[in-house]
Amino acid sequence: MKPAPITLFTYNRPWHTRMTMEALLNNGLSSESELIIFSDGPKTSQDQQKIDEVRQYVRTVKGFRNITIVEHHQNLGLGQSIINGVSAVLKEHERIIILEDDLVTAPFFLRYMNDALELYGREEEVISVHGYIYPVAEKLPATFFLRGADCWGWGTWKRGWALFEENGQILLDDLKKRHLTRQFDFNGAYRYTRMLKDQITGRNTSWAVRWYASAFLNNRLTLYPGISLVEHIGNDGTGTNFATGDFLDVKLASKPIDIGCIEIKENPVVKKIIEDYLRSIKTPLWRGALNQTKRVLNSTLKNMKLKKAPVFGQNIIKNKPAPDELKNT
């Protein structure tokens, strides 16, 4: 079985995109994998320069089996870009690996994702595979299942994405009708219901909370690694729908994850560990403000060094007809 296609969503962060790409190229399966890049269009004219930098860079990338770049002329926003992009790719493929432009992966990420997508491909109870796990103090199993779905380096199948409900109000109504809001909030540890309500009212555009709710309401499970294979580098004030802070920073796995074959049910011990961790990360406002100042400064310094970073050479772009929902972009 050939590796699942990797779908990368980019916007206007050249340095972050470069770090994400370089990490992917350090994965052993990158040369065998198809890479599909969706580049969102500008919100304002001020965004165009950075978007152009990102697009110029990704056109130079080599090292994947094949590269397709889809450039939007108008801004879809992160949520709609991911929803449209994943849906488009899964019209042509049975499975997919999804990354955003601020996710740095361990060298074993693609192997873990592809092995898990193959192992659980016919298990209807499993909706997705995830590469990130919180930096909890406790030692976790090599892999485990939690109810729901997640968004920082993940993969799914056509059958899994078919359960995605885009309408947040439908999801919220179902959660309330079935008295599941507290469970959905990790037993009150995190305000996911509030996040979903904010998406409905337009205060955020989160696709991820709708993906989590869709999986949760269908009683589906996601496979996680005991040690993170993904590091989020976008918590510097440059991301969408994400607060600053260092409480989600992880040390990437230093060796491959043994997928094995575990019982397909939620791990209650790990669930409680995650609940406790989520309760612990309610950071005081003053600390969040300090972290934001430090991270924005660091991001500025990194971007100043961007022009000195090496490039990979000429890329390969496969031109093909745009999916239906992309033809007018």
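From a predicted model like this one, the values you see are computed outputs, not experimental measurements. (Residues numbered from 1 in each chain as written. Predicted model: local features only at pLDDT ≥ 70, side-chain atom pairs only at ≥ 80, totals over all residues. Heavy atoms only, no water.)

Let us now look at the overall build of the chain. Scanning the chain from N- to C-terminus turns up 11 helices and 10 strands. Taken across its 329 residues, the chain has 52% of its residues classed as buried. Here the contacts in the chain between residues at least 6 apart in sequence split such that 84% fall between residues at least 24 apart. Element-wise, carbon and sulfur atoms account for 51% of the exposed surface of the chain, whose accessible area totals about 15,600 Å². (Helix = DSSP H or I, 4+ residues; strand = E, 2+ residues; numbered from the N terminus. Buried < 20%, exposed > 50% of the residue type's maximum accessible area, 1.4 Å probe, protein only. Contact = heavy atoms within 4.5 Å. Areas by Shrake-Rupley, 256 points an atom, 1.4 Å probe, with all protein chains shown as cover.)

Now for the nonpolar core. Met-21, Phe-64, Val-86, Tyr-134 and Ile-274 are the most contacted members of the largest nonpolar core, which totals 90 residues. Per-element tally for this core: the top contributor is helix 9 (residues 208–217), with 8 residues. Ignoring anything within four residues of it in the chain, the contact list for Phe-64 reads Ile-6, Met-21, Leu-24, Leu-25, Ser-30, Ser-31, Ser-33 and Leu-35. (Core = buried A, V, L, I, M, F, W, Y, C linked by side-chain atoms within 4.5 Å.)

Our next topic: the packing of aromatic side chains. Counting across every chain of the model gives 20 aromatic pairs. Seen from their ring centres, Phe-9 and Phe-38 are 5.4 Å apart, and the 15 degrees between their planes marks the pair as stacked. Residue Phe-9 is found in strand 1 (residues 6–10), and its partner Phe-38 is found in strand 2 (residues 34–39); the two are separated by 29 residues along the sequence. Comparing Phe-9 with Phe-38, the two get one shared label, buried. With centroids separated by 6.5 Å and ring planes inclined at 45 degrees, the aromatic side chains of Phe-186 and Tyr-212 adopt a geometry described as tilted. Separated by 26 residues along the polypeptide, Phe-186 in the loop between helix 7 (181–184) and helix 8 (192–201) and Tyr-212 in helix 9 bring together distant segments of the chain. For Tyr-212, a relative accessible area of 6% gives the class buried. One aromatic cluster in this structure is built from Phe-184, Phe-186, Tyr-190, Tyr-192, Tyr-212 and Phe-216. (Phe/Tyr/Trp six-rings, centres within 6.5 Å; stacked < 30°, edge-to-face > 60°.)

On to unusual backbone geometry. You will see that Asn-187, though not glycine, has its phi angle at about 55 degrees, which is positive. Note on placement: Asn-187 falls in the loop between helix 7 and helix 8. Taking relative accessible area as the criterion, Asn-187 reaches 27% and is therefore assigned partly exposed. Unlike most non-glycine residues, Asn-219 shows phi in positive territory, near 55 degrees. Along the chain, Asn-219 falls in the loop between helix 9 and strand 9 (221–225).

Here the focus is helix 8. Looking at helix 8, one finds that the buried residues are Tyr-192, Thr-193, Leu-196, Asp-198 and Gln-199. Tucked into the core, helix 8 has its buried residues touching helix 6 (168–177), helix 7 and helix 9. The positive-phi residue at the C-terminal boundary of helix 8 is Gly-202, with phi of around 90 degrees.

In space, the 8 strands of this open sheet follow the order 3-2-1-4-8-6-9-7, with mixed pairing throughout. With one partner strand each, in any of the chains shown, strand 3 (66–71) and strand 7 (143–147) form the two edges of the open sheet. Neighbour-to-neighbour, the strand axes of this sheet turn through a mean angle of 25 degrees, independent of strand direction. For strand 4 (residues 95–100) and strand 8 (residues 154–157), the ladder comprises 4 bridges, and the chain directions are antiparallel. Each bridged residue has a counterpart across the sheet, and for Ile-98 the counterpart in strand 8 is Trp-154. Each of strand 1, strand 2 and strand 4 touches helix 1 (residues 14–25); the most contacted strand, strand 1, lies at about 165 degrees to it. (Pairing = 2+ DSSP bridges. Axes fitted to C-alpha atoms, helices over the stretch in contact; angles between N-to-C directions.)

Taken as a whole, the chain shows an average pLDDT of 87; of its residues, 82% reach a score of 70 or greater. Between residues 283–329, whose pLDDT stays under 50, and residues either more than four places distant or in other chains, the model counts 73 contacts. (pLDDT = per-residue confidence, 0-100.)

Further remarks concern the environment of Lys-43. With respect to the helices and strands, Lys-43 occurs in the loop between strand 2 and helix 2 (48–58). It is 8.5 Å that separates the C-alpha atoms of Lys-43 and Leu-76, two residues lying 33 residues apart in sequence. Not counting chain neighbours up to four residues away, the residues in contact with Lys-43 comprise Tyr-11 and Asn-75.

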